[in-house]
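Summary of structural features
Listed here are the chains, written in short residue letters.
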Amino acid sequence: MIIAVTGTPGVGKTTVSKLLAEKLGYEYVSLRDYAVEKGIGEIRGEELEVEVDELAYNFKRDFKGKNVVVDGHLSHFLSADIVVVLRAHPKLIGERLKERGYSKEKIGENVEAELVDVILVEALEENENVIEVDTTGKTPEEVVEEILGLIKKGVKRRVGVVDWSEVYDEVIPYLRLKA
C-alpha cells in the first residue's frame, strides 16, 4: 500500500510520515530526497523544481507493490492508495515557517495556500481516496493514531474537516497584501 502524506509546508508532514511508517512497518520516502537522488528536476535557490509527471512516473515504477509512506507537498500527484492531507491553523504555519527562516513572501504564499485549501483541492482533483486531518493542537502521535484509526475503519474519503474562513483576521500579518 502506498500512503501519500501531503499538506502545506509547516503542517507536520515529515514528523507524522516517519512515525506513521514506523508504526506500520512501511518504508519511509521523502519525495524531495527521492527526486534529488533520481535527478528529477533542478534546485533553484532552496526550491526544487520538478516535472510532476516525470516524478509520478518514476515513483510508480520504483514503488509499485511496496508498502510505503511518502512525504512531500507534491505527493498527492503520485499514484497512491490513500492520500492524507494534513492541515494546520494558518497562523501556526506562519509561525513555524518564520522559525525556519522562510522569506516573508514564502510565508505569505504558504499561509494563503493553507487558508484557501490549495493542497486539499489539488488532492481531490487527483485522487479518489483522500483523508483530511487537522493537526492543530495535536501531538504527532495523536495525528498518527487518528490516521491509523481511519484506515483501520476502512475510511477512504474524509474531507471538509477544517474551515479557516473565520481566522482570516488573525492571519493578515502573514499574508502578501498589496497596498
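Our structure's up above, just so we're on the same page.
Residues numbered from 1 in each chain as written. Predicted model: local features only at pLDDT ≥ 70, side-chain atom pairs only at ≥ 80, totals over all residues. Heavy atoms only, no water.

A word on the overall build of the protein chain. Of regular secondary structure, the protein chain possesses eight helices and seven strands. Principal axes of the C-alpha set define a box for the protein chain whose edges measure 50 × 40 × 25 Å. Relative to its 179 residues, the protein chain shows a buried fraction of 45%. Taking all contacts inside the protein chain whose residues are at least 6 apart in sequence as the whole, residues at least 24 apart take part in 78%. (Helix = DSSP H or I, 4+ residues; strand = E, 2+ residues; numbered from the N terminus. Buried < 20%, exposed > 50% of the residue type's maximum accessible area, 1.4 Å probe, protein only. Contact = heavy atoms within 4.5 Å.)

For helix 1 (residues 13–24), built from 12 residues, the straight-helix expectation of 16 Å at 1.5 Å per residue is met to within 8% by its first-to-last C-alpha distance of 16 Å. Among the residues making up helix 1, those that are buried are Lys-13, Val-16, Ser-17, Leu-19, Leu-20 and Ala-21. Buried-residue contacts for helix 1 involve strand 1 (2–6), strand 2 (27–30), strand 5 (68–71), strand 6 (82–87) and helix 7 (140–152). Directly after helix 1, the chain includes Gly-25, whose backbone phi takes a positive value near 75°. (Expected span 1.5 Å × (residues − 1).)

With that settled, the discussion passes to the side chain of Asn-58. Inspection of the secondary structure puts Asn-58 in helix 3 (residues 52–63). Note on Asn-58: relative accessible area 11%, which makes it buried. A distance of 2.9 Å separates polar atoms of two side chains, one belonging to Asn-58 and the other to Arg-61. In this structure Asn-58 touches Tyr-34 and Ile-40, once residues within four positions along its chain are discounted. (Polar contact = N/O pair within 3.5 Å; in protein donor to acceptor, adjacent residues only side chain to side chain.)

Next up on the list: the environment of Ile-82. Within the element layout of this structure, Ile-82 appears in strand 6. When its relative accessible area of 4% is taken as the criterion, Ile-82 is described as buried. Each C-alpha atom, one on Ile-82 and one on Asn-129, is 5.1 Å from the other, the two residues being 47 residues apart in sequence. Contacts of Ile-82, omitting those with residues within four sequence positions, involve Met-1, Ile-2, Ile-3, Ala-4, Asn-129, Ile-131 and Ile-151.

Before going further, it helps to spend a moment on the packing of aromatic side chains. All chains considered together, the criterion is met by three aromatic pairs. With centroids separated by 5.7 Å and ring planes inclined at 85°, the aromatic side chains of Tyr-34 and Phe-59 adopt a geometry described as edge-to-face. One end of the pair, Tyr-34, is in helix 2 (residues 31–38); the other, Phe-59, is in helix 3, with 25 residues separating them in the sequence. Of the two residues, Tyr-34 and Phe-59, both sit in the buried class. Here a set of aromatic residues connected by ring pairs shows up, and it is made of Tyr-34, Phe-59 and Phe-63. (Phe/Tyr/Trp six-rings, centres within 6.5 Å; stacked < 30°, edge-to-face > 60°.)

Looking now at helix 6 (residues 118–126). All buried positions along helix 6 are accounted for by Ile-119, Leu-120 and Ala-123. Down the axis of helix 6, the smallest arc covering the buried residues is 100°, so these residues share one side. Elements that come into contact with the buried residues of helix 6 comprise strand 1, strand 6 and strand 7 (130–134). (Arc of directions from axis to C-beta.)

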